[in-house]
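Observations on chain architecture
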Amino acid sequence: MRFSFFVRLLLSCAATSPVWASKLLIPMDLTQTNHLKAYGIAYQSLAQGHKVEWLLNYRGGSFLLDDEEIFRREAVRRSVLFEAIGEDEVDRIRQIIETSSMESVSLEKPPKMAVYTPLTKQPWDDAVTLALTYAEIPYEKIYDREIITGKLPKYDWIHLHHEDFTGQYSKFYSIYQGSEWYVNQVNTQTALAKELGFPNDAMLKKAVVLAIRDYVEKGGFLFAMCLAPMTLDMALAAVHTDVVATPFDGTPPAPDYKSNLDYNLSLAFTDFSYDTDPVSPIHGDLDFNHANSGPLRRRPARDFTLFGFSPKFDPVPAMLVQNHTDVVRGFFGLATSFPRDKLKPSIAVLGECAGQGTVQYLHGNLGKGQFTYYGGHDPEDYTHAVGDQPTNLDLHKNSPGYRLILNNILYPAARQKKHKT
């Protein structure tokens, strides 16, 4: 019987006075029984004032924790495999890390996290909130009101999902304009915009994206997924012009909008185009799976490969790609993958679809802050659609696609800086 399971047996039988080891190792390779909840154990350790070592490239990016009874019991409760190890084994692991393309990164403080959540949020809206809830990691919900009133700097990390920051309601107009949920979304957003002093949602979103950009530049961490990466950059580049059709803001796009685009404001992408047709479901050419494939068709969502990074030289990219496999199964989103030729030169590619010229996962820096973009909506639902039920993560405890989400939740703990307004 393996020592880790022996520890479980002792705990379950309520054995008295167990012998505490030096550390608890939570392996993140193929032996792990629940990869997703393992991140929650690491976060809980940080929240209780204990440092956590993230062993990059060692057994899938394992965690090394102080040996405390509460962590043992929590690991058992959450069905997370752990190994209680002594000083000799800790020394052996450190020697392996020292002489290999591995690194031990100290996580020191749990990041305070915010999820940008629309007032009309539906159950299918956000894989990240599913991951956070499943891993038992706390977060707060914010939206346009909190951002416009200056609350964003309170947080170390913010997540954006499939929101349309161009103010075009995900370009669902032609398909869903008569649906009750769509009408409710438009009415709710219009009312909020006017309450906050803006004539429509498109103008409100211009102020929101500038505030998000400022937040990152001053030291914040941003994780955007699905439609948000594309529309955030598109809205930023179009801050000084109008690219939105009449059904969305009451006016047609500016005739000269192309000459007034400012790609210096966008975070990851450059030289992209806009589709200003209101009945087209396509925003422009940043979603490879839709662009140039016809309005009612899209290319398949292909598997993508994670790049390997040496954490001794590239610790942040290495943290973001920690996994128990190098290949992640493809999945669709309102934006699925991004053309590599639209990336700014400074962007680090973390995952790509080989031979297709597309990027699924990327990272960049802006000022004192950092951002990560991840294409697709739900890593365990290939064609998740409006009205579908949320994914049951008990069926996907070892999902490599969801692990990428949770990497982004933990990596800000390696560097904490106060934001200045």
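Read on for a plain summary of the structure. Bear in mind the structure is a predicted one, so any value in this text is a computation, not a measurement.

**Some points on the sheet that holds strand β3 (residues 62–66)**
With antiparallel pairing, the 5 strands of this open sheet are ordered in space as β4-β1-β3-β2-β5. At either end of the open sheet lies a strand with only one pairing partner, and these are β4 (83–85) and β5 (103–107). Each neighbouring strand pair of the sheet contributes to a mean axis angle of 25°, computed without reference to strand direction. The sheet contact formed by strand β1 (residues 23–26) and β4 spans 3 bridges and is antiparallel. Bridge assignment links K23 to a residue of β4, and that residue is I85. Running at roughly 100° to β4, helix α4 (residues 87–98) makes contact with β1, β2 (52–56), β3, β4 and β5 of the sheet.

**Remarks on unusual backbone geometry**
Not every positive phi belongs to a glycine, and C226 is a case in point at roughly 65°. Position of C226 among the secondary structure elements: in the loop between β9 (221–225) and α10 (228–237). Among the residues examined, C226 registers a relative accessible area of 0% and is labelled buried. Phi is positive for D271, close to 55°, though the residue is something other than glycine. Structurally, D271 is set in the loop between α11 (246–249) and β10 (304–306). On the accessibility criterion, D271 (51% relative accessible area) is exposed.

**A word on the layout of surface pockets**
In this model, the second largest pocket occupies a volume close to 170 Å³. Looking at the second largest pocket, the residues that line it are N57, G60, L306, F307, G308, F309, V321, Q322, N323, T325 and D326. Considered class by class, the residues forming the lining of the second largest pocket number 4 nonpolar, 6 polar and 1 charged.

**A closer look at the packing of helix α2 (residues 35–47) against helix α3 (residues 69–77)**
Relative orientation and spacing of two packed helices are given, respectively, by the angle between their axes and the distance between those axes. One can describe the packing of α2 onto α3 by two numbers: an axis separation of 10 Å at closest approach and a directional angle of 155°. The orientation of α2 with respect to α3, classified from their angle, is roughly antiparallel. Note that α2 runs across α3; the crossing there is right-handed. Listed contacts from α3 to I41, Q44 and S45 of α2 are I70, F71, E74 and A75. A class-by-class count of the residues in the contact of α2 with α3 yields 4 nonpolar, 2 polar and 1 charged.

**As for the packing of aromatic side chains**
Counting across every chain of the model gives 16 aromatic pairs. Centroid distance W54 to F63: 5.5 Å. Interplanar angle 35°. Geometry classified as tilted. On the accessibility criterion, F63 (0% relative accessible area) is buried. With centroids separated by 4.6 Å and ring planes inclined at 40°, the aromatic side chains of Y116 and Y143 adopt a geometry described as tilted. Of the two residues, Y116 sits in strand β6 (residues 113–116) while Y143 sits in the loop between β7 (140–142) and α6 (144–148), which places them 27 residues apart along the sequence. With relative accessibility at 0%, the residue Y116 sits in the buried group. One Lys or Arg, K37, reaches over the ring of Y134 and ends 4.2 Å from the middle of that ring.

**Concerning the pairing of strand β15 (residues 369–374)**
Every regular strand shows the same layout, with side chains that alternate between the two sheet faces. Most of β15 is tucked away, with 6 of its 6 residues classed as buried. Burial of the side chains of β15 extends over both faces: G369, F371 and Y373 are buried on one face and Q370, T372 and Y374 on the other. Where β9 lies against β15, 5 bridges are found, and the strand directions are parallel. Looking across to β15, one finds that A224 is bridged to Y373. Pairing between strand β14 (residues 358–366) and β15: 6 bridges, direction antiparallel. Paired with L366 across the two strands is G369, which belongs to β15. Counting the residues in the hairpin turn of β14 and β15 gives 2 residues, including G367, whose phi is positive at 60°.

**Description of the packing of helix α5 (residues 127–135) against helix α13 (residues 400–410)**
Where α5 contacts α13, the two axes come as close as 10 Å, and the packing angle between them is 75°. The angle between the axes of α5 and α13 places the two elements in the roughly perpendicular class. Taken together, the residues of α13 that come into contact with α5 (itself represented by A127, V128, L130, A131, L132 and A135) are Y402, I405, L406 and I409. Class assignment of the residues belonging to the contact of α5 with α13 gives a composition of 10 nonpolar, no polar and no charged.

Calculation rules
Residues numbered from 1 in each chain as written. Predicted model: local features only at pLDDT ≥ 70, side-chain atom pairs only at ≥ 80, totals over all residues. Heavy atoms only, no water. Pairing = 2+ DSSP bridges. Helix = DSSP H or I, 4+ residues; strand = E, 2+ residues; numbered from the N terminus. Axes fitted to C-alpha atoms, helices over the stretch in contact; angles between N-to-C directions. Contact = heavy atoms within 4.5 Å. Buried < 20%, exposed > 50% of the residue type's maximum accessible area, 1.4 Å probe, protein only. 1 Å grid on protein atoms, 1.4 Å probe; cavity = no way out; pocket = protein on both sides within 12 Å on 5 of 7 lines; lining within 4 Å. Points joined across faces, edges and corners; volume = space filled by probe spheres on them. Nonpolar A, V, L, I, M, F, W, Y, C, P; charged D, E, K, R; others polar. Parallel < 35°, antiparallel > 145°, perpendicular 65-115°, else oblique. Left-handed = near helix turned anticlockwise from the far one by under 90°. Phe/Tyr/Trp six-rings, centres within 6.5 Å; stacked < 30°, edge-to-face > 60°. Lys NZ or Arg CZ within 6 Å of the ring centre and 35° of its normal.

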